[in-house]
Amino acid sequence: MNNTTARKAADNIRILAAAMVEKAKSGHPGGAMGGADFINVLYSEFLRYDPDNYAYPWRDRLFLDPGHMSPMLYAVLTLAGAMPLDELTKFRQWGSHTPGHPERDLTHAIENTSGPLGQGHAMAVGAAMAERFLAQRFGEWTAHKTYAYISDGAIEEEISQGVGRIAGHLGMSNLIMFYDSNNIQLSTTVDAVDTEDVAAKYKAWNWNVLECNGNDAESIRTALLAANAETERPTIIIGKTVMGMGAVAADGSSYENKISTHGQPISAAGADIACTIAGLGGNPEEPFVIFPEVEEAYAARREELRAWAAERKEVEMKWREENPTLAAKLDKFLSGDAPEVDYDAIAPAAGCATRNACATVLGTLAESVENMVVASADLSNSDKTDGFLKKTHAFTKGDWSGQFFQAGVSELTMACVMNGMALHGGVIPACGTFFVFSDYMKPAVRLAALMRIHVIFIWSHDSFRVGEDGPTHQPIEHEAQIRLMEHLKNHNGERSMVVLRPGDGAETVEAWRLAMAEQRPVALITSRQNIKDLPTLSGNRREEAKQVAKGGYVVWDCPEPKAVLIASGSEVSTLVEGAELLKEEGIGVRIVSVPSEGLLRDQSKEYQQSVLPEGLTRYGMTAGLPVTLAGLVGENGFVHGVDHFGYSAPYKVLDEKFGFNGATVAAEVKAIL
């Protein structure tokens, strides 16, 4: 694309972006208008994909970080032929494919959901890792670039520290990031809050740092060529751009570089929309138009891309003919289907902590699931993800043959990176840390749920029984918080997340069976302390534990129970202790283990009532807030929980102080009876 046409195309994007926001009376036009030049050069000259199949596995990917710049993305996708022009007129409206912030939609070539600043470029790192992982195993013919588009806000968000450190440390030269530096934020200028030397910072992280005029096609092109030639480091292109480029007032004077155009229609900001569109070469009466010369240029680009895709497919076909076994493995990786694992052969130690049972399962998965990648935030020997690490090795610069990602102490970055791996496809990502530190990860967990991607979150040290580490490390409210995701539905109408807190080693194995077969995000919450194995009604505990798939099931029963006792995790075995004492007094009860309330509620009403009969007194026990079990126990029942922070002491002392023992269970059940 020659520079004249490039400027015309960028102006076309500016018009479409401004018009979208104006028509919706809502949105962020200024940044989109400033970023139009870069996004046009990227799509019209550099980004490689199959215009007839936006899900083609070996495409380049663009991860947009500032989701508020969606008008820019939607506009360029319209020029590229991926987004119908009519959708731009429905920006931010019910049922459109152009929501206020982009949502993952490969039908329209949108790679990721973005909005919370910082997460988008962290996901890009994960996708770039997955690319290297697959290229190491199947050859460089699969290689492609991952582009990220970030703004001043993402630079300021703390997550950029993790992204910069990790990508630089691993020498991820397949990652190219454009930093749209316009010195304008939603409520201030950037220099009012930040005077750091961004270039020096990224150089210190071992990035290739380039600078360009972000509103000049030739300068952008030169930077992108240099970035694509880099072979040792990730690249950041710092592009100086003009916020609201092309915006003018009614008298024709410039209305650029204004804070006011960041987050509202430019007319509301004080500019004149008609004069702005006219000044950019458009028709104010009919702004939703693609200029003929721009349409012609993008049509030519589509033909170039079709030729590129055809050539890549020929290379792939030849490789498949020469490597049929590898080809079959690649197809299995890309399918997303649950891997074949003999879970019945996995034998956790009797009476072990569920984190140790988890380690046993992970050891088997490391040997049998070749496309699984596990990460830990510097806790692998404590969250027991080292059960996996002991059978493989961590990624290092230039060596992606292992299956472990040492994230360092950066839980949020780690979680976002795993989201990016899942978005890329071909790998099954799982990451671990202490349950209390899930607080750092919630934004990424929420986006995983919204995008409906398969990431497994492993959270150990599930209760106040962390003990001596004290209240900072003892989760109390966390289970109630994460189980809210079981009640929140995704856009497919499903529960957006599966949360599993197993009660012994057998349940842990079955929880992993479910986790690996899911397509939604999964949480596995495991104990630090040893737990007594649960009893068996049939004589075959392992078979009974398979009922974890139903979310809840009976683990202790009698002919005519007086009450039903409900718990998950460690507390189920405490209920058993109480039931034994009650039995000695002639009081029969039923115990129901509920590793997942969501899965239980997805069962038939008949099954739910067979497990939790109506009219039977209910008692619950949880190491978290009582509200954790309130939905299952009901207002007429009683929940023994914890409504305060923990204390530093051995866990057995805390059990006694907090009333987590069989005697308390027996006494409280008798009281409510």
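Note that the coordinates shown come from a computational prediction; the quantities given were computed from them, not determined experimentally.

Asker: Account for the layout of surface pockets, with residues named and values stated.
Answerer: Each pocket or cavity is described by its volume, and for the largest pocket that value is around 690 Å³. As for the largest pocket, its lining consists of 32 residues, and the residues nearest its centre are Phe-333, Leu-334, Gly-336, Gly-425 and Gly-426. Looking at the lining of the largest pocket, the elements with two or more residues in it are helix 14 (324-335), helix 15 (354-368), helix 17 (411-424) and strand 8 (428-434). Its residues assigned to classes, the lining of the largest pocket shows 13 nonpolar, 9 polar and 10 charged. Of the voids in this model, the second largest pocket is the one considered here, and its volume is about 450 Å³. What lines the second largest pocket is a set of 18 residues, among which Glu-103, Arg-104, Asp-105, Leu-450 and His-491 lie closest to the centre. Among the residues forming the lining of the second largest pocket, the class breakdown is 5 nonpolar, 8 polar and 5 charged.

Asker: Account for the nonpolar core, with residues named and values stated.
Answerer: Core analysis: the largest hydrophobic core is formed by 77 residues, its most contacted members being Met-129, Phe-457 and Trp-459. Dropping the residues within four chain positions of it, Trp-459 is found in contact with Thr-433, Phe-434, Phe-435, Ser-438, Met-441, Val-445, Ile-482, Met-497, Ala-523, Leu-524, Ile-525 and Thr-526.

Asker: Quick one: what's the story with the packing of aromatic side chains, residue by residue and with numbers?
Answerer: What the rule picks out here adds up to 23 aromatic pairs. A ring pair is formed by Tyr-56 and Trp-308, whose centres lie 6.1 Å apart and whose planes are at 85°; its orientation type is edge-to-face. Taken as a pair, Tyr-56 in the loop between helix 3 (36-46) and strand 1 (61-64) and Trp-308 in helix 13 (residues 292-322) lie far apart in primary sequence, 252 residues in all. Between the aromatic rings of Tyr-149 and Phe-178, the centroid separation amounts to 5.3 Å while the plane-to-plane angle is 50°, which identifies the pairing as tilted.

Asker: Explain a nonpolar patch on the surface to me, and be specific about the residues and the numbers.
Answerer: A contiguous nonpolar surface patch, about 230 Å² in accessible area, is contributed by Phe-638, Ile-672 and Leu-673. On the basis of relative accessible area, Leu-673 is assigned to the partly exposed category, the value being 45%.

Asker: Describe in detail the packing of helix 1 (residues 3-24) against helix 3, supporting the description with residues and values.
Answerer: Direction vectors running N to C along helix 1 and helix 3 enclose 120°, while the axes themselves pass 8 Å from each other. For the element pair helix 1 / helix 3, the angle class is oblique. Here the hand of the crossing between helix 1 and helix 3 comes out right-handed. In contact with Ala-6, Arg-7, Ala-9, Ala-10, Ile-13 and Arg-14 of helix 1, helix 3 contributes Ala-36, Asp-37, Ile-39 and Asn-40. Residues of the contact of helix 1 with helix 3, tallied by class, amount to 6 nonpolar, 1 polar and 3 charged.

Asker: If you had to explain the sheet that holds strand 15 (residues 617-621) to someone new, which residues and values would you point to?
Answerer: The 5 strands are arranged 12-14-13-15-16 in an open sheet whose pairing can be described as mixed. Of all the strands in the sheet, just strand 12 (553-556) and strand 16 (638-640) have a single pairing partner and so form its edges. Across this sheet, the average inter-strand angle for adjacent strands is 30°, counted without regard to direction. When strand 12 meets strand 14 (residues 589-593), the two strands line up antiparallel, connected through 3 bridges. Counterpart to Trp-556 in the pairing with strand 14 is Ile-591. In the packing of helix 27 (residues 662-672) onto the sheet, contacts are made with strand 13 (563-567), strand 14, strand 15 and strand 16, and the angle to strand 15 comes to roughly 150°.

Asker: Talk me through empty space enclosed by the protein; I want residue IDs and the actual numbers.
Answerer: This model, assessed by the stated rule, comprises 3 cavities of 30 Å³ or more. Space inside the largest cavity adds up to approximately 140 Å³. Around the largest cavity sit 14 residues that line it, and Tyr-43, Leu-62, Ala-109, Ile-110 and Glu-111 are the ones nearest its centre. Here the element with the most residues in the lining of the largest cavity is strand 1; it accounts for 3 residues. Grouping the amino acids of the lining of the largest cavity by side-chain chemistry returns 9 nonpolar, 1 polar and 4 charged.

Asker: Describe the environment of Arg-312, naming the residues involved and giving the relevant values.
Answerer: Mapping Arg-312 onto the fold places it in helix 13. Counting along the chain gives 254 residues from Arg-312 to Trp-58, while the straight-line C-alpha distance between them is 8.5 Å. In contact with Arg-312, not counting residues within four places along its chain, are Tyr-56, Trp-58, Trp-141, Thr-142 and Ala-143.

Asker: So what's going on with the pairing of strand 1? Which residues, and what values?
Answerer: Every second residue of strand 1 is oriented toward a common face, with Arg-61 and Phe-63 on one face and Leu-62 and Leu-64 on the other, all of them buried. Sheet analysis places strand 1 next to strand 2 (residues 146-151), joined by 4 bridges and oriented parallel. Residue pairing in the sheet places Leu-64 in a bridge with Tyr-149 of strand 2.

Asker: Could you give an account of the sheet that holds strand 3 (residues 175-181), naming the residues involved and the relevant values?
Answerer: On the basis of which strands lie adjacent, the open sheet formed by 5 strands has the order 1-2-3-5-4 and parallel pairing. Of all strands in the sheet, those bounded by a partner on one side alone are strand 1 and strand 4 (208-213). The sheet shows a mean angle of 20° between the axes of neighbouring strands, direction not considered. Of the strand pairs in this sheet, strand 4 and strand 5 (residues 235-240) are connected by 6 bridges, and their pairing is parallel. Across the sheet, residue Asn-208 finds its bridge partner in strand 5, namely Thr-235.

Asker: Give me unusual backbone geometry: which residues, what numbers.
Answerer: Trans peptide bonds make up most of the peptide bonds, and negative phi angles are found at most residues other than glycine. Positive phi, normally seen in glycine, also occurs at Lys-25, with a value near 60°. With respect to the secondary-structure elements, Lys-25 resides in the loop between helix 1 and helix 2 (29-34). Positive phi values are uncommon outside glycine, yet Asp-378 reaches one of about 60°. Its place among the elements puts Asp-378 in the loop between strand 6 (372-376) and helix 16 (386-389).

Asker: Account for the side chain of Asn-12, naming residues and giving values.
Answerer: With respect to the element layout, Asn-12 can be found in helix 1. Of the polar contacts made by the side chain of Asn-12, one reaches the backbone oxygen of Val-289; its length is 3.0 Å.

Asker: Kindly report on the side chain of Thr-5, identifying the contributing residues and their values.
Answerer: Of note, Thr-5 is situated in helix 1. Excluding anything up to four places from it in sequence, Thr-5 contacts Glu-293 and Ala-297.

Asker: Lay out helix 19 (residues 478-487) in plain terms, naming residues and giving numbers.
Answerer: Burial analysis of helix 19 places 7 of its 10 residues in the buried class, which makes it a mostly covered element. Along helix 19, the residues that are buried comprise His-478, Glu-479, Ala-480, Ile-482, Arg-483, Met-485 and Glu-486.

Asker: Any chance you could break down the packing of helix 3 against helix 4 (residues 70-80) for me, citing the residues and the numbers?
Answerer: One way to put it is that helix 3 packs onto helix 4 with a least axis distance of 10 Å and a crossing angle of 35°. Crossing angle aside, the handedness with which helix 3 passes helix 4 is right-handed. Where helix 3 approaches helix 4, its residues Ala-36, Ile-39, Asn-40 and Tyr-43 are matched on the opposing element by Met-72, Leu-73, Val-76, Leu-77 and Ala-80. Tallied by class, the residues present in the contact of helix 3 with helix 4 amount to 8 nonpolar, 1 polar and no charged.

Asker: Requested: an account of helix 17, with residues and values cited.
Answerer: For helix 17, spanning 14 residues, the distance from its first C-alpha to its last is 20 Å, which sits close to the expected 20 Å at 1.5 Å a residue. The element helix 17 is largely enclosed, with a buried count of 13 among its 14 residues. Phi for Gly-425, located one or two positions after helix 17, is positive at around 95°.

Asker: Please set out the environment of Leu-412 residue by residue, giving values where relevant.
Answerer: One can find Leu-412 in helix 17. Setting aside its immediate chain neighbours within four residues, Leu-412 contacts Ile-159, Tyr-440, Met-441, Pro-443 and Ala-444.

Each value, and the rule that gives it
- Residues numbered from 1 in each chain as written.
- Predicted model: local features only at pLDDT ≥ 70, side-chain atom pairs only at ≥ 80, totals over all residues.
- Heavy atoms only, no water.
- 1 Å grid on protein atoms, 1.4 Å probe; cavity = no way out; pocket = protein on both sides within 12 Å on 5 of 7 lines; lining within 4 Å.
- Points joined across faces, edges and corners; volume = space filled by probe spheres on them.
- Helix = DSSP H or I, 4+ residues; strand = E, 2+ residues; numbered from the N terminus.
- Nonpolar A, V, L, I, M, F, W, Y, C, P; charged D, E, K, R; others polar.
- Core = buried A, V, L, I, M, F, W, Y, C linked by side-chain atoms within 4.5 Å.
- Buried < 20%, exposed > 50% of the residue type's maximum accessible area, 1.4 Å probe, protein only.
- Contact = heavy atoms within 4.5 Å.
- Phe/Tyr/Trp six-rings, centres within 6.5 Å; stacked < 30°, edge-to-face > 60°.
- Patch = residues over 30% accessible without salt bridge, like charges linked within 9 Å, V, L, I, M, F, W, Y side chains within 5 Å.
- Areas by Shrake-Rupley, 256 points an atom, 1.4 Å probe, with all protein chains shown as cover.
- Salt bridge = Lys/Arg side-chain N within 4 Å of Asp/Glu carboxyl O.
- Axes fitted to C-alpha atoms, helices over the stretch in contact; angles between N-to-C directions.
- Parallel < 35°, antiparallel > 145°, perpendicular 65-115°, else oblique.
- Left-handed = near helix turned anticlockwise from the far one by under 90°.
- Pairing = 2+ DSSP bridges.
- Polar contact = N/O pair within 3.5 Å; in protein donor to acceptor, adjacent residues only side chain to side chain.
- Expected span 1.5 Å × (residues − 1).

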